[in-house]
Each structure stands twice: as structure tokens, then as C-alpha cells.
Amino acid sequence: STVLVLPPSAQSAPALTGFSVLFVALCWQTLFKSSMNEEGRHVRQQEKHLLLAQMTQALKWDQNEVKPEDETEEKKEDKPEDEQKSKKRPPSAKDLYDMLYDYVEDRNVFEFGIDSKAEPYISVRRLFVERVAADLEEVVKFTTMARNSLESSHDDLSSEELKRIAEFRDGLKLTELNEFYQK
């Protein structure tokens, strides 16, 4: 009986070939031909719903937030409207990329059932392209300012810009964006 399989020889070749073919067929069926069960479909549907909500929210970055009704007039007067708008920044290119491509499953999000020729996918993709260029310009600007700040003072900058300069001094943000861009 063990002579049919062990040791490998001309006599045991048909049995070993049969086991090998069976093993490959079982692996193929398990890894590539398995159908998605109900729980898997539910997870995909939930992921699609969350991605669409994220995309919709990302596109609303520049819209005014709805203020609670109990906010008093004093609080509204404390912050000028220009200051409130200046604090709003669009989502970063990396955040938008995460909405367009699922790096965990290594696939585009339209494979979850999101239509790649409809909203909000088209608008998020367009915003992503704009943000890559804008983020690169911003990082270069702040890195240059941070490196020059050792030599001079920046009296013309807002307090928010001065806080952000410290993040860029070592050039790590520029390196991260460059690595992201090369993906």
C-alpha cells in the first residue's frame, strides 16, 4: 500500500500525480472559485455605503457647517467669518486616495459596486487630482518656509500658518507626499 506512494518511483508516479492534481484543484476551488456568502455580501454592501458617505462628506468640505440653534450671538461675533473659512481645508490627497482605492483588499472601490462613471466617484476623483498638485505645492511652500524660519521671522503669517511650519521643518511631510505620489 505504501509502495504505491512511497518512495517516489515510476510505480508511484500515477498516485502522486493524482494527489497533486487533486490538491491543485482543491486550492483553486477554495481560493478562486469560492462564491461570496451572505455575510460577505453584507460586509461589501456596508463598505459601499460607508465609502459613498465618506465621498459625499469629502465633497462638502467647503460648505458651511450647520450651527446648533442654541449658539448665542456672542459666540458668533467672537470668530470672524474669514477666520472660520480659513480654518477649513480640503481633505488631503491621501485621504481622497483612501476613498478611491482600498489598500486592504488591494482593489479599486468601484469593485464594491460603486459606479465609476457616476457621482460622487467622479467628483472625488477630480478633487483628488486637484489636491495632489495643491498638497505638493503646500508642502514645498511650508518646508521652504520652515527651513528659512531659522534665519528670519515671519510677521506676515497667521498664527495657524506659524503652527503648521513646525510640522514641515524636517522635510518628512515632503518625503511622505513624494512616496505617496510615486505609488
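Now for a look at the structure at hand. Within each chain, residues carry numbers counting from 1 in the order of the written sequence. Note on the predicted model: pLDDT of at least 70 is required for a residue's local features to be given, and 80 or more for side-chain atom pairs to be given and counted; whole-chain, interface and lining totals, by contrast, use all residues. Excluding hydrogens and water, the side-chain values take into account all heavy atoms of the structure.

The next subject is the overall build of the chain. Scanning the chain for helices and strands turns up eight helices and two strands. Starting at the N terminus, helices and strands are each numbered in turn, a helix being any DSSP run of H or I of at least four residues and a strand any DSSP run of E of at least two. In the chain, the succession of helices and strands from N to C terminus is α-α-α-α-α-β-β-α-α-α. Relative accessibility under 20% of the residue-type maximum defines a buried residue, over 50% an exposed one, and the middle range a partly exposed one, all with a 1.4 Å probe and only protein chains included. Across the 183 residues in the chain, those meeting the buried criterion constitute 21%. Contact definition: two residues touch when any of their heavy atoms are within 4.5 Å. Contacts in the chain between residues at least 24 apart in sequence constitute 61% of all its contacts with a sequence separation of at least 6.

Checked against the element boundaries, Thr143 lands in helix 6 (residues 121-148). The exposure class of Thr143 is buried, given its relative accessible area of 3%. Spatially, the C-alpha atoms of Thr143 and Glu167 are 8.4 Å apart, while their sequence positions differ by 24 residues. Apart from the residues lying within four places of it in its own chain, the contact partners of Thr143 are Phe168, Gly171 and Leu174.

Take the pattern of salt bridges next. The term salt bridge refers to a side-chain nitrogen of Lys or Arg lying within 4 Å of a carboxyl oxygen of Asp or Glu. Inspection of the entire model under this criterion finds four salt bridges. Where Arg107 meets Glu111, a salt bridge forms, and the shortest distance between an N and an O atom there is 3.5 Å. Under the relative-accessibility criterion, Arg107 is labelled partly exposed at 25%. Residue Glu111 is classed as partly exposed on the basis of its relative accessible area of 43%.

Mapped onto the secondary structure, Asp102 falls in strand 1 (residues 101-102). Note on charges: Lys and Arg go in the positive column, Asp and Glu in the negative column, and His and the chain ends are not counted at all. For the buried Asp102, no salt bridge is present, and the opposite-charge side chain at shortest range is Arg107, 6.4 Å distant. Asp102 has contacts with Glu47, Arg107, Val109 and Phe112, leaving out every residue within four places of it along the chain.

In a soluble, globular protein the nonpolar side chains are often hidden away together inside. Met55, Leu96, Leu100, Val109, Ile114, Tyr121 and Phe128 are the most contacted members of the largest nonpolar core, which totals 23 residues. Sorting the residues of this core by element identifies helix 2 (38-59), helix 5 (93-100), helix 6, helix 7 (159-168) and helix 8 (172-182) as the ones contributing at least two each. Looking at this core, the element that brings in the most residues is helix 6, giving nine residues. The definition of a nonpolar core used throughout is a set of buried Ala, Val, Leu, Ile, Met, Phe, Trp, Tyr and Cys residues joined through side-chain atoms within 4.5 Å.

By themselves, these observations are geometric and do not establish any function.
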